[in-house]
Amino acid sequence: MTALEVVVERLRHVYGTEEPVVALDDLTFHLPAGSTTAVMGPSGSGKSTLTTILAGLQRPTAGRVLIGDADLATMSEVDLLRLRARALAVTVQRPDRNLLGYGTVQDNVRFAQRGAARAERRDLPAPLEVLEEVGIAHLAGQRADALSGGERQRLALAVGLATAPGVLLADEPTSQLDDRNRDALVDLLCTLAGRVTVIVVTHDDRLGDRFDRRIVLRDGRATG
Ligand SMILES: Nc1ncnc2c1ncn2[C@@H]1O[C@H](COP(=O)(O)OP(=O)(O)O)[C@@H](O)[C@H]1O
Ligand SMILES: [Mg+2]
């Protein structure tokens, strides 16, 4: 699949009804296909809420969210599931939670491809090719739980890329890495630009500097 444009218009998300919490308030932005974006902001500013909405895991209270030409706010459950299998890759904050520890590195990539295969995707990359891309092809036969932190983050990215997504969403992919591994992972994310639309939640300014753009949230609004 090719990279997809992401359009967010007047997005609003409110949790709860008795004591409502406005997590996102009138958020508007436009990310060209293949661009790289860092989503930043203090704790509680709405980053995770935005990520789960873009991932199709939660419906917004109001507003439009387009991934390519699909509107996440209004599409049916079935279409949303299909879009998630076809177009979106999400890596959560702790790399272990993206992985099957007892499986090999290659098993993890294959497992990630099963859902897409059911959706009759024929353009899936070979597992070794994906591992090559993230620099861990030499570890293909190792158990995932034997990997170092940097290797696990790479494998989590490989699992995301295994389905050749149009959009890659990653929550704090560099947070548990030392400087050397962090720089290597940022380099890797930058090489994905053009082929996939990359959206990364991060506290790391250096990552924000390397990307095309940043969205800085404060109290659910974009500040700059
Ligand atoms: N499931 C939830 N129920 C109620 N309030 C929530 C829930 N998730 C997040 N919030 C609130 O929404 C706001 C934004 O949270 P969140 O999106 O997690 O921000 P961040 O990821 O930037 O820390 C915060 O005030 C938080 O307390
Ligand atoms: Mg969060």
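Going by the structure above, here's the rest.
Residues numbered from 1 in each chain as written. Chains lettered and ligands numbered in written order. Predicted model: local features only at pLDDT ≥ 70, side-chain atom pairs only at ≥ 80, totals over all residues. Heavy atoms only, no water.

A.B. asks: Sorry, what's going on with helix 5 (residues 149-161) here?
C.D. replies: A turn of α-helix holds 3.6 residues, and therefore any two residues three or four places apart point the same way. Between its first and last C-alpha atoms helix 5 spans 18 Å; for 13 residues at 1.5 Å apiece the expected length is 18 Å, and the two agree. In terms of residue burial, helix 5 counts as a mostly covered element, since 11 of its 13 residues are buried. (Helix = DSSP H or I, 4+ residues; strand = E, 2+ residues; numbered from the N terminus. Expected span 1.5 Å × (residues − 1). Buried < 20%, exposed > 50% of the residue type's maximum accessible area, 1.4 Å probe, protein only.)

A.B. asks: Is there a simple way to explain the pattern of salt bridges in this structure?
C.D. replies: Pairing is possible between side chains that carry opposite charge, provided their charged atoms lie close to one another. The tally for this structure, following the rule as stated, stands at 16 salt bridges. The partner of Arg10 in a salt bridge is Asp26, with the nearest N and O atoms 2.9 Å apart. With a gap of 16 residues between them, Arg10 in strand 1 (residues 6-15) and Asp26 in strand 2 (residues 21-31) connect regions that are remote in the sequence. With a shortest N-O distance of 3.1 Å, Arg214 and Asp205 are connected by a salt bridge. The class for Arg214 is partly exposed, based on a relative accessible area of 31%. Sharing partners across several salt bridges, the network here consists of Asp179, Arg182, Asp183, Asp204 and Arg206. (Salt bridge = Lys/Arg side-chain N within 4 Å of Asp/Glu carboxyl O.)

A.B. asks: Would you take a moment to explain the site of ligand 1 for this structure?
C.D. replies: Around ligand 1 lies a shell formed by Tyr15, Val21, Ala23, Pro42, Ser43, Gly44, Ser45, Gly46, Lys47, Ser48 and Thr49. Ser48 places a main-chain nitrogen or oxygen 2.8 Å from an oxygen atom of ligand 1. Considering ligand 1 on its own, with 560 Å² of exposed area, one finds that the protein chains cover 58% of that surface. Here the shell around ligand 1 gets 3 residues from one element, more than from any other, and that element is helix 1 (residues 47-54). Split by residue class, the shell around ligand 1 holds 4 nonpolar, 6 polar and 1 charged. (Near = heavy atom within 4 Å. Polar contact = N/O pair within 3.5 Å; in protein donor to acceptor, adjacent residues only side chain to side chain. Areas by Shrake-Rupley, 256 points an atom, 1.4 Å probe, with all protein chains shown as cover. Nonpolar A, V, L, I, M, F, W, Y, C, P; charged D, E, K, R; others polar.)

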